[in-house]
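A structural walkthrough
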Amino acid sequence: RRLHRSRARPPRTKMASLGQYLDAAAHAVSVKDSATLALLFDVDSVHALGAVRSALGDRGMNVGELCEEKVGAYAPWDEIFASHCQCLGANAEGRYDDAFVAMQATIAAFVKDFRAQDTAWSLDALMNLVRGAVALATRADDEAERAGRQRKDSRLGDAGAALMLVYRNTANTSVWEKKSQCLFLVISLFKIYFKLNTLHLCKNLINAVNLPTFPTFDTFPVAQRVTYAFYVGRLAVFDDDFSVAEQHLEYAFRRCKSDSRRNKTLILRYLLPVKLLMGKMPTTNLLQKYGLGEYVDVVSAMKSGNVRMLNDALKTHQISFIKQGTFLVLEKLRNIVLRTLFQKVHAFSAEKNPAKGNQVNLHMFLAALKWCGCDMDIDEVEMIVANLIFKKFVKGYISHKSRVVVLAKAGAFPAISYDDDRPKVAYLQN
C-alpha cells in the first residue's frame, strides 16, 4: 500500500485520523470547495469529532504544528483550523465552555480572512460556525446552571457579540454575495435577544433591514421572511404597537407553509390576541384546527360582553398565557368586553325608552356588571365608561350629576383602532 503523503488530498467519506481531517481541509481550501468546508466546520459532525477523538489520546501530538504542516500553505487557514480543532476536542469531551471559547477564536480568525476575500465561497462554512457558536453557548450556559456556577455574563450573550461581528462583515461590504445570509443572521440574533430578554437590541437590526443597502426583502427564502416577520410582530406586541403587530403576524401566518401546523399555531398564539384587540373574532373551526381551545371562552366573552367569563378564562389559562408573553395583552380585552356589555345595555335602554335612545343610565350598566360578578359602586362604573370614552371606544360624554351617559347620535361605537402618532415603518419591504 502507498504511504500516506502530507500533500492535500480530496476528502474521504470517513476521516479516521486528525491528519486525514486536515488533509480534507487543505483540499477544500485549495479548490474552494464550499460544501466540504462547511461540513468540516460543523461542530457536531460525526466524522470531524471522530477524527479529533483519535488524537485526544496522543499526548505527544502538537495540534498547532500538525495544522501548520497540513494547511500551512494556505495561511491563515492553519490558524483557523488550529482553533477549530481545539473547539472540536473540547466539544468531544463535553467541555462546552472551553469549546465555546475556542469557537470564538475560530470565528474571529475566520472573519478576519473572510473580510479580505473578494468572493463569498466560504460563506456556508461561516454560517455553520455561527450555528455552532449558538449551540455551544447554549450547552455551556446549561452546563454552568446544572453545576450551580453563577456567571456575570452568559455565553449566549457572548455568542450574540460573535454573531454581530459576523453580521457587520457580511452586511457592510461591496460584495453582494456576502449579503445573502444577512437576514439569517438577523433572525439568529433575534432568537438570542428574545431568549436573554434584551429586546431593545432588536430595534437597530430592524432599522438595518430597512436601509437601502440591505438586500431586497423578497430575495430571501420564504422561511426566513416568515420567521423575521414573526419576530418583528412579537416585538410590536410587546411594544403595544398592535397595528404593526397585526401586519407582520398576518404576513407570517399567510406565507407559512400549510403543512407547518406547529409553526402556524405558534404564530396564531400572538396573532389571535392582536386580532381580538382589533375586535376581529376567529371562527370556531380555526380554533379547533390549530388546537387553541384556551381561546374558546375568551372569544365567547368578547361576543357576549360577559366579563365574568373573560376573567375565568384568563385565570384558568393564566400560566400558559404568561409563558407565551400574551397575558398582559389579553387583559386589555376587558375594555372590549366592557364596551360590548355597554352596547347591549344601550340597546336594551333604547328599546325600553326610545325617546332617550342615546342616553344610558349608569345604574343600569352597574346592574349588568354586578350580574357578571363585578362587585363595584357607581363611581367605579363612571370611571369605566370615562376610560372607554377616553380610549375612543365610545363617543359621548357623562353627565355626572344625573349619572347618565349621553352618546353621539351617529357612530357612538366606532371601529376599534390602536393607531397613534408614532411613525410607521414598512418592515416587510425596502
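The coordinates are above.
In this report, the structure presented in the accompanying data block is examined. (Residues numbered from 1 in each chain as written. Predicted model: local features only at pLDDT ≥ 70, side-chain atom pairs only at ≥ 80, totals over all residues. Heavy atoms only, no water.)

A few words now on the packing of helix H19 (residues 333-352) against helix H20 (residues 362-371). Remark: H19 packs on H20, axes separated minimally by 10 Å, with the N-to-C direction vectors making an angle of 125°. Taken together, the axes of H19 and H20 lie oblique to each other. Judged by the sense of rotation from one axis to the other, the crossing of H19 with H20 is right-handed. Here H19 contributes Leu338, Leu341, Phe342, Val345, Phe348 and Ser349 to the contact with H20, which in turn contributes Met364, Phe365, Ala368 and Leu369. Among the residues making up the contact of H19 with H20, the classes are represented as nine nonpolar, one polar and no charged. (Axes fitted to C-alpha atoms, helices over the stretch in contact; angles between N-to-C directions. Helix = DSSP H or I, 4+ residues; strand = E, 2+ residues; numbered from the N terminus. Parallel < 35°, antiparallel > 145°, perpendicular 65-115°, else oblique. Left-handed = near helix turned anticlockwise from the far one by under 90°. Contact = heavy atoms within 4.5 Å. Nonpolar A, V, L, I, M, F, W, Y, C, P; charged D, E, K, R; others polar.)

Within helix H3 (residues 46-56), the full set of buried residues consists of Ala48, Leu49, Ala51, Val52 and Ala55. Projection of H3 onto a plane perpendicular to its axis shows the buried side chains occupying an angular sector of 160°, all on one side. In this fold, the buried residues of H3 make contact with helix H1 (18-31), helix H2 (34-40) and helix H5 (77-92). (Buried < 20%, exposed > 50% of the residue type's maximum accessible area, 1.4 Å probe, protein only. Arc of directions from axis to C-beta.)

This part takes up the environment of Ile389. Along the polypeptide, Ile389 turns up in helix H21 (residues 378-390). Linking Ile389 and Leu407, residues 18 residues apart in sequence, is a C-alpha distance of 9.8 Å. In contact with Ile389, other than residues within four places in its own chain, are Val394, Gly396, Tyr397 and Ile398.

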